[in-house]
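Secondary and tertiary structure notes
Each chain is listed here by its residues.
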Amino acid sequence: MLIALSGIAAPVWPLEVLRLEIREEGRGYGVEFEALLAAEPRAVMAVLTDYASYPDLDALILEARVIGEESGRPVLFTRMRGCVGSIFCRTMERYDSLEEQPEELRANVVPGRGDLVSGSTVTGVTAAEGGSHVHYQTVFTPSFWMPRRLVRRAMRKTLGESTLAMFAAIEQRAAAAAPP
């Protein structure tokens, strides 16, 4: 099932959303997001790779830190707390193997650790007129059961709103960090 969100009340920021799609993928979910940000790509990537600051970017993130390496790549531990409506609340732990490139950040769920069976996130950042073009794609499958019929609409809303808020915060922080 593919859901394109529209009509979400969003705060005013320079961020220009080109696409936001939330989809169900088997027992999991996917988000695809594209936007233009009023910040240079290097500044955006600096914010994206400042893992300890993730709680400042997304209200759902309680803690984020690199905890070591696996197969020569840093492993990011993230603890999140989220409620899907008032029906289903949970604290979730996620472990991701990171791949950092100048214009791309990849995070792949470490199998057997945390509360996800599988998942990956790719964030690409390229230069665009007046700032950056961001393409963000994430898919994940929780290892725990959720009553899909009860949480489906709320989950889509939560994923859409948190993605918008997170990239607004990234844009604001990156723009503020850029030299005059």
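Quick caveat: nothing in here was measured; it's all calculated off a predicted structure.

With that out of the way, let us pick up the side chain of Glu-34. One can find Glu-34 in strand 3 (residues 28-37). At 2.8 Å, the side chain of Glu-34 and the side chain of His-133 are in polar contact. For Glu-34, the contacting residues outside a window of four places in its chain are Glu-16, Val-17, Leu-18, Arg-19, His-133, Val-134 and His-135.

A regular strand places its side chains on the two faces of the sheet in alternate fashion. Sheet topology note: the strand 2 (residues 16-25)/strand 3 ladder contains 9 bridges and is antiparallel. Within the sheet, the bridge partner assigned to Arg-23 lies in strand 3 and is Gly-30. A loop of 2 residues connects strand 2 with strand 3, the two strands running antiparallel in sequence, and Gly-26 in this loop sits at a positive phi of about 60°.

Bringing the confidence of the model for the protein chain into the picture now. Averaged over all residues, the pLDDT of the protein chain is 88; the fraction at 70 or higher stands at 86%. Mean pLDDT values for the elements of the protein chain range from 39 in strand 1 (residues 2-4) up to 98 in strand 7 (residues 104-109). Scored below 50 in pLDDT, residues 1-12 makes 20 contacts in the model with residues more than four places away or belonging to other chains.

Another point: the nonpolar core. Residues Phe-33, Val-44, Tyr-54, Phe-167 and Ile-170 are the most contacted members of the largest nonpolar core, which totals 42 residues. When residues in this core are grouped by element, the largest group, 9 residues, is from helix 3 (residues 148-177). Discounting residues that sit within four places of it in the chain, Tyr-54 has contacts with Val-47, Leu-48, Ile-61, Ala-64, Leu-76 and Leu-105.

The final tally for this structure, using the stated rule, is 5 aromatic pairs. Relative to Tyr-54, the ring of Tyr-51 lies with its centre 5.6 Å away and its plane at 70°, an arrangement referred to as edge-to-face. One exposure class covers both Tyr-51 and Tyr-54, and it is buried. Both rings, one in Tyr-136 and one in Phe-167, keep their centres 5.1 Å apart while their planes meet at 65°; by these two values the pair is edge-to-face. Within this pair, whereas Tyr-136 is found in strand 9 (residues 131-142), its partner Phe-167 is found in helix 3, the two being separated by 31 residues in sequence. Classification of Phe-167 by relative accessible area gives buried; the value is 1%.

The next thing to look at is the environment of Thr-163. Considering the arrangement of structural elements, one finds Thr-163 in helix 3. Assessed through its relative accessible area of 4%, Thr-163 is described here as buried. C-alpha separation for the pair Thr-163 and Leu-20, spaced 143 residues apart in sequence, amounts to 8.6 Å. Reaching out from Thr-163, the side chain makes a polar contact with the backbone oxygen of Leu-159 at a distance of 2.8 Å.

Reading the values: rules and limits
- Residues numbered from 1 in each chain as written.
- Predicted model: local features only at pLDDT ≥ 70, side-chain atom pairs only at ≥ 80, totals over all residues.
- Heavy atoms only, no water.
- Helix = DSSP H or I, 4+ residues; strand = E, 2+ residues; numbered from the N terminus.
- Polar contact = N/O pair within 3.5 Å; in protein donor to acceptor, adjacent residues only side chain to side chain.
- Contact = heavy atoms within 4.5 Å.
- Pairing = 2+ DSSP bridges.
- pLDDT = per-residue confidence, 0-100.
- Core = buried A, V, L, I, M, F, W, Y, C linked by side-chain atoms within 4.5 Å.
- Buried < 20%, exposed > 50% of the residue type's maximum accessible area, 1.4 Å probe, protein only.
- Phe/Tyr/Trp six-rings, centres within 6.5 Å; stacked < 30°, edge-to-face > 60°.

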